[in-house]
Amino acid sequence: MDERSEHRFHLWGWIVFVVCAFFFIATTALAGDVLGVIASLLFLLACVLFLIPLLAKDRARKRDSREDY
């Protein structure tokens, strides 16, 4: 698998984790589970932190490809 495909799989995997985090937040909030909401928010924060370098790499790759022209 080439680097670009691997990067795309990582990015989509983290996006799915973010979507799951929102469902965890909703479920625990509806259940009135304060500790669950806090844990879900921390999980969402961790997912976003993992996404930042992937998105930055995408942005740099797009910028570099525009400079080649």
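Residues numbered from 1 in each chain as written. Predicted model: local features only at pLDDT ≥ 70, side-chain atom pairs only at ≥ 80, totals over all residues. Heavy atoms only, no water.

Enquirer: Looking at this model, I keep getting lost on the overall build of the chain. Mind explaining?
Expert: Within the chain one finds two helices and zero strands. In summary, the chain has a C-alpha radius of gyration of 16 Å against a globular reference of 11 Å for 69 residues, an excess of more than 25%. Seen through its C-alpha atoms, the chain measures out along the principal axes to roughly 55 × 20 × 15 Å. The buried share of the chain, taken over its 69 residues, is 19%. Contacts in the chain between residues far apart in sequence, at least 24 positions, make up 58% of those at least 6 positions apart. Here the chain displays about 5600 Å² of accessible surface, and carbon together with sulfur accounts for 70% of that area. For the chain, the centre of its 8 positive side-chain charges and the centre of its 8 negative side-chain charges are spaced 5 Å apart. (Helix = DSSP H or I, 4+ residues; strand = E, 2+ residues; numbered from the N terminus. Rg over C-alpha atoms; globule rule 2.2 N^0.38 Å. Buried < 20%, exposed > 50% of the residue type's maximum accessible area, 1.4 Å probe, protein only. Contact = heavy atoms within 4.5 Å. Areas by Shrake-Rupley, 256 points an atom, 1.4 Å probe, with all protein chains shown as cover. Lys, Arg positive; Asp, Glu negative; His and termini not counted. Charge placed at Lys NZ, Arg CZ, Asp CG, Glu CD.)

Enquirer: Where do I start with a nonpolar patch on the surface in this structure?
Expert: On the surface, Val34, Ile38, Leu42, Leu45, Val48, Leu49 and Ile52 cluster together into a nonpolar patch covering about 650 Å² of accessible area. Relative to the elements of secondary structure, isoleucine 38 occurs in helix α2 (residues 34–67). (Patch = residues over 30% accessible without salt bridge, like charges linked within 9 Å, V, L, I, M, F, W, Y side chains within 5 Å. Salt bridge = Lys/Arg side-chain N within 4 Å of Asp/Glu carboxyl O.)

Enquirer: How should the nonpolar core be read in this particular structure?
Expert: Note that soluble globular proteins tend to have their nonpolar side chains buried in a common cluster. Of all hydrophobic cores here, the largest spans eight residues; its members are Leu11, Val18, Ala21, Ile25, Leu44, Cys47, Leu51 and Leu54. Listing elements by their share of this core, those giving two or more residues are α1 (3–31) and α2. Not counting residues within four places of it along the chain, the set of residues in contact with leucine 54 comprises His7, His10, Leu11 and Trp14. (Core = buried A, V, L, I, M, F, W, Y, C linked by side-chain atoms within 4.5 Å.)

Enquirer: Explain the side chain of histidine 7 to me, please; I cannot follow it from the model alone.
Expert: Note on placement: histidine 7 falls in helix α1. Its relative accessible area of 6% is what places histidine 7 among the buried residues. If we skip the residues at most four places from it in the chain, histidine 7 touches Leu54, Lys57, Asp58 and Arg61.

Enquirer: Can you help me understand the pattern of salt bridges in this one?
Expert: Pairing between side chains of opposite charge can happen when their charged atoms approach one another. Under the definition given, this model contains three salt bridges. A salt bridge links glutamate 3 to lysine 57, with the shortest nitrogen-to-oxygen separation between them at 3.3 Å. Remark: lysine 57 occurs in helix α2 and glutamate 3 occurs in helix α1; sequence separation between them is 54 residues. In this structure, the salt-bridge partner of arginine 61 is glutamate 3, at a minimum N-O distance of 4.0 Å. Of this pair, arginine 61 sits in helix α2 while glutamate 3 sits in helix α1, and the two are 58 residues apart along the sequence.

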